[in-house]
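Structural features, examined
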Amino acid sequence: MPLTLHSFATVDEAAKALATGGRYLGGGTYAVRAANEGDLSFDRLIRTSDPAMKAIEISDRAVRLGASVTMAAVARTQELAWLAPAAK
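On a predicted model such as this, the values are computed, not experimentally measured, just so you know.

1. Some details on the overall build of the chain
From N to C terminus, the chain includes four helices and five strands. Scanning the chain from its N terminus toward the C terminus, one meets helices and strands in the order β-α-β-α-β-β-β-α-α. For the chain, whose C-alpha radius of gyration is 15 Å, the value lies well above the compact-globule estimate of 12 Å for 88 residues. For the C-alpha atoms alone, the extent of the chain along its principal axes is close to 45 × 30 × 15 Å. Relative to its 88 residues, the chain shows a buried fraction of 24%. Of the contacts made within the chain by residues no fewer than 6 positions apart, 44% connect residues no fewer than 24 positions apart. Here the chain displays about 6,300 Å² of accessible surface, and carbon together with sulfur accounts for 54% of that area.

Given below as structure tokens:
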């Protein structure tokens, strides 16, 4: 079964597409592995290029990582040096 990849500029557009079926493709770890292992429950991969998904927000009380933030980005962020060993 062929997979098709659909890209959207915003999270809202991607969410609307997901409502009609498919799997969200962030890093691909789970969705691509499932397809490679024969999971036929989906035929569309949906992703977004929305910059908010790669945002790292740090305040006095919390750290918020967008769903597409990579471990490499975490390791490079000076304020998250305490998390760098786990990210590496």
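2. Quick word on the confidence of the model for the chain
Chain-level pLDDT for the chain is 88 on average; 95% of the residues reach the 70-or-more range. Looking across the chain, the model is least confident in helix 2 (residues 29-36), with a mean pLDDT of 77, and most confident in strand 4 (residues 56-58), with 96.

Cut-offs and rules
Sequence order sets the numbering: in each chain, residues are counted from 1 along the sequence as written. Thresholds applied to this predicted model are a pLDDT of at least 70 for local features of residues and 80 or more for the giving and counting of side-chain atom pairs; totals over whole chains, interfaces and linings are not thresholded and use all residues. Think of the side-chain values as coming from all heavy atoms in the structure, minus any hydrogens and water. Only DSSP runs of H or I reaching four residues or more are called helices, and only runs of E reaching two or more are called strands; each is numbered from the N terminus. Put simply, the radius of gyration uses C-alpha atoms, and a globule should come to 2.2 Å times the residue count raised to 0.38. Buried residues are those whose accessible area, probed at 1.4 Å on protein chains only, stays under 20% of the maximum for their type, while exposed residues exceed 50% and partly exposed ones sit between those limits. Throughout, a residue-residue contact means that at least one pair of heavy atoms, one from each residue, lies within 4.5 Å. Accessible surface area values rest on a Shrake-Rupley calculation with a 1.4 Å probe, where residue burial reflects the displayed protein chains alone. Confidence of the predictor at the level of single residues is captured by pLDDT, which takes values from 0 to 100.

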